[in-house]
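Structure assessment
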Amino acid sequence: MAEFPLGPKEGTRVFDDFHSNASVATGLVGNLDWEITAVGGGASTLSYLASPNGILKMTTDGTTGHGSALHLMADKVVLAPGDGTIIRTRVRLGTQIANNLFRIGIHDSVTTTEPTKGVWIDCAAGVLSFDVAGSGGDASVNVGGVTTLTSGTTMVVDTWHDIELRLSGRNVYGGPANVRCFVDDEYAGEIKTSLLKSVDTMEFKILHWDTGNVAQVLDIDYYEVYLPRNP
Amino acid sequence: MSDDFIGGSKDGTHIFDDFHSNSAITTGLVGNLNWDMTTIAHASTPSFVASPNGVLRLAAAAASGDGEALTLKADGVVLVGDGQVFRCRVRYPNSVTTGVVRNSLTGNNFRIGFGNLVTAVEHSVGVFLSSDAGVLTWTCANTTTDVTGTVTGIPTLTGGTTMVLDKWHDLELRLTETNVVGAPYKISCLVDGYPAGEIVTAVLAANETMEFSIVHYQDSGAIAHFDIDYYEAWIPRFG
């Protein structure tokens with residue numbers, strides 16, 4: 001895992017370990033007071049699991065296309081060029097892989113429609129990919145070759161996985177140029193053609209939904225983003 | 001900044017706000033720290049600016065003397081011993097305020113740090129940085145004697161003293177040594193990483209109360225914008 005300073009002078013660290021008070025209402029979820037937007041008209045049930053490190057459980061209502069998006073204030077994040085921006089999370093698909101989907105990172109969608117702006121980790125029935133989408137265009141790469149994943153590509157049910165995106169470089173639009181992905185500390189692929197613009201707005205986001213008419217479970221141990229401070 | 005600034009809670013209290021939060025901007029819910037807001041004459045308009053690092057913008061209303069104070073719990077802070085650090089990153093944005101009128105340094109004022117008042121009047125107790133139309137000073141105010149230093153010789157400031165419109169400035173106060181009544185004795189100021197001076201003879205007492213504070217107001221009679229990138233304080237644990 002990458003290391004970074006923890007003082008705000010050097011950069012912004014947004015993270016949630018999901019050890020908080022009892023509230024799971026919108027605007028009050030976790031340490032960050034996440035807001036909730038229902039996906040497809042049927043919100044998930046949120047709860048906390050007893051654990052050393054804090055776990056948020058998101059359980060969909062069992063209707064295909066339903067779920068929840070957790071987010072901070074809309075359109076208040078833009079991504080600067082350069083090295084050091086990191087998005088990482090530790091997640092588990094609780095009961096089954098099939099029809100269990102999420103998009104976690106920084107992006108602009110609160111529906112099942114793929115974001116048009118953002119950088120995120122994408123899980124479709126456990127199969128992992130990572131994306132960067134911007135007003136200059138989209139790019140996506142499938143995770144591959146990770147020894148802790150089934151066939152190197154797919155999350156294992158009821159197993160924690162650490163997923164990390166590292167942004168670097170500067171593209172022609174003034175945004176980050178490259179996105180490297182690591183899963184369980186193993187290199188999982190790289191996007192070298194980010195077309196994200198420095199003016200593209202997005203928000204911190206955890207989006208989870210199901211496609212199989214069976215309640216799906218996503219457990220989140222932590223959510224963390226580090227954004228170096230620009231001159 | 002020394003490494004012990006990022007120590008754990010055993011070593012001290014680390015208060016900071018990057019202003020990346022949910023969409024609430026009402027009193028008691030501003031930013032990560034849920035700042036309270038107190039209106040000075042007519043209420044300012046707070047908003048968040050899209051950025052990598054989170055920016056809170058305070059737009060003071062148009063009558064001279066208008067502004068807003070953001071505070072945490074009143075009288076919740078005393079300064080004991082030494083080692084305290086306050087720092088922030090602030091800007092007067094070159095933003096459009098009304099039609100083609102742009103933001104200005106003129107009459108655009110703030111006090112930031114630790115202080116006890118939520119008005120345009122200077123704190124009677126506190127340790128804080130002040131900007132009077134961009135001219136920077138820092139003050140230790142207390143019930144006995146106030147001491148103020150004037151920022152000078154900073155190459156990133158106009159004339160070494162004055163903030164530049166639309167430029168971010170890093171401001172920092174470091175409190176060192178202990179005075180005869182158990183509170184900090186020396187307060188040095190840094191601007192954009194450059195030493196800006198030191199005040200000595202602070203006779204702040206260790207039982208004088210204040211709060212984490214951001215006060216912005218204008219006395220020009222025009223809408224005035226002020227941006228805060230982050231607010232941060234480190235208070236070592238004693239006793």
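Predicted, not measured: the structure shown is a model, and the values here were computed from it. (Residues numbered from 1 in each chain as written. Chains lettered and ligands numbered in written order. Predicted model: local features only at pLDDT ≥ 70, side-chain atom pairs only at ≥ 80, totals over all residues.)

What follows concerns the overall build of chain A. Along chain A, the regular secondary structure elements total zero helices and 15 strands. Scaling as 2.2 N^0.38, a compact globule of 231 residues should have a C-alpha radius of gyration of about 17 Å, and chain A matches this with 16 Å. When contacts within chain A are restricted to residue pairs at least 6 apart in sequence, long-range pairs at least 24 apart make up 67% of them. (Helix = DSSP H or I, 4+ residues; strand = E, 2+ residues; numbered from the N terminus. Rg over C-alpha atoms; globule rule 2.2 N^0.38 Å. Contact = placed C-beta atoms within 7 Å.)

Bringing the overall build of chain B into the picture now. The helix and strand inventory of chain B stands at zero helices and 17 strands. The C-alpha atoms of chain B give 17 Å as radius of gyration, which agrees with the globular expectation for 239 residues (18 Å, within 12%). With respect to the principal axes defined by its C-alpha atoms, chain B has extents near 55 × 40 × 35 Å. With 239 residues in all, chain B has 49% of them scored as buried. Taking contacts inside chain B between residues at least 6 apart in sequence as the whole, the part at least 24 apart equals 66%. (Buried ≥ 20, exposed ≤ 12 C-beta atoms within 10 Å, placed from the backbone.)

This part covers the nonpolar core. Counting 126 residues, the largest nonpolar core has A:Val119, A:Leu165 and A:Val183 as the members making the most contacts within it. At eight residues, strand E17 (residues 224–236) of chain B tops the list of elements feeding residues into this core. Leave out the neighbours within four places in its chain, and A:Leu165 touches A:Ile86, A:Ile87, A:Gly105, A:Val119, A:Ile121, A:Phe130, A:Val179 and A:Cys181. (Core = buried A, V, L, I, M, F, W, Y, C linked by C-beta atoms within 7 Å.)

Before going further, it helps to spend a moment on the sheet that holds strand E8 (residues 118–124) of chain A. All names here are of chain A. An order of E2-E5-E14-E7-E8-E9-E10 is seen for the seven strands of this open sheet, with the pairing classed as antiparallel. Every interior strand has two partners, whereas the edge strands, strand E2 (35–39) and strand E10 (137–142), have only one. Neighbour to neighbour, the strand axes of the sheet diverge by 15 degrees on average, direction disregarded. Where strand E5 (residues 67–71) and strand E14 (residues 203–210) come together, five bridges link them in antiparallel fashion. Note on E14: the bridge partner recorded for His71 is Lys205. (Pairing = 2+ DSSP bridges. Axes fitted to C-alpha atoms, helices over the stretch in contact; angles between N-to-C directions.)

Moving on to the interface of chain B and chain A. In this assembly, 20 residues from chain B lie in contact with 23 residues from chain A. Here the side of chain B that touches chain A is built from residues that sort into nine nonpolar, seven polar and four charged. (Nonpolar A, V, L, I, M, F, W, Y, C, P; charged D, E, K, R; others polar.)

Residues and elements named next belong to chain B. Taken over all residues, the pLDDT of chain B has a mean of 92, while the share at 70 or more is 93%. Scored below 50 in pLDDT, residues 1–6 makes eight contacts in the model with residues more than four places away or belonging to other chains. For this predicted complex, the interface score ipTM comes out at 0.87, while the overall pTM is 0.91. (pLDDT = per-residue confidence, 0-100.)

Turning our eyes to something else, we now look at the environment of A:Glu186. All names here are of chain A. As for its position among the elements, Glu186 is in strand E13 (residues 186–191). Among the residues examined, Glu186 registers 15 C-beta atoms within 10 Å and is labelled partly exposed. Measuring from C-alpha to C-alpha, the distance between Glu186 and Asp162 comes to 9.6 Å, with 24 residues separating the pair along the chain. Discounting chain neighbours no more than four positions away, the residues touching Glu186 are Val146 and Thr147.

With the exception of glycine, the majority of residues adopt a negative phi angle, and the majority of peptide bonds are in the trans configuration. Residues and elements named next belong to chain B. Its identity as a non-glycine residue notwithstanding, Ala133 has a phi of 55 degrees, on the positive side. Structurally, the position occupied by Ala133 is in the loop between strand E10 (126–132) and strand E11 (135–141). The residue Asp192 is not glycine, and still its phi comes out positive at about 50 degrees.

The next point concerns the environment of A:Gly136. All names here are of chain A. Here Gly136 shows up in the loop between strand E9 (127–134) and E10. Separated by 66 residues in the primary sequence, Gly136 and Met202 place their C-alpha atoms 15 Å from one another. Not counting residues up to four positions away in its chain, the partners in contact with Gly136 are Tyr173, Leu195, Leu196 and Lys197.

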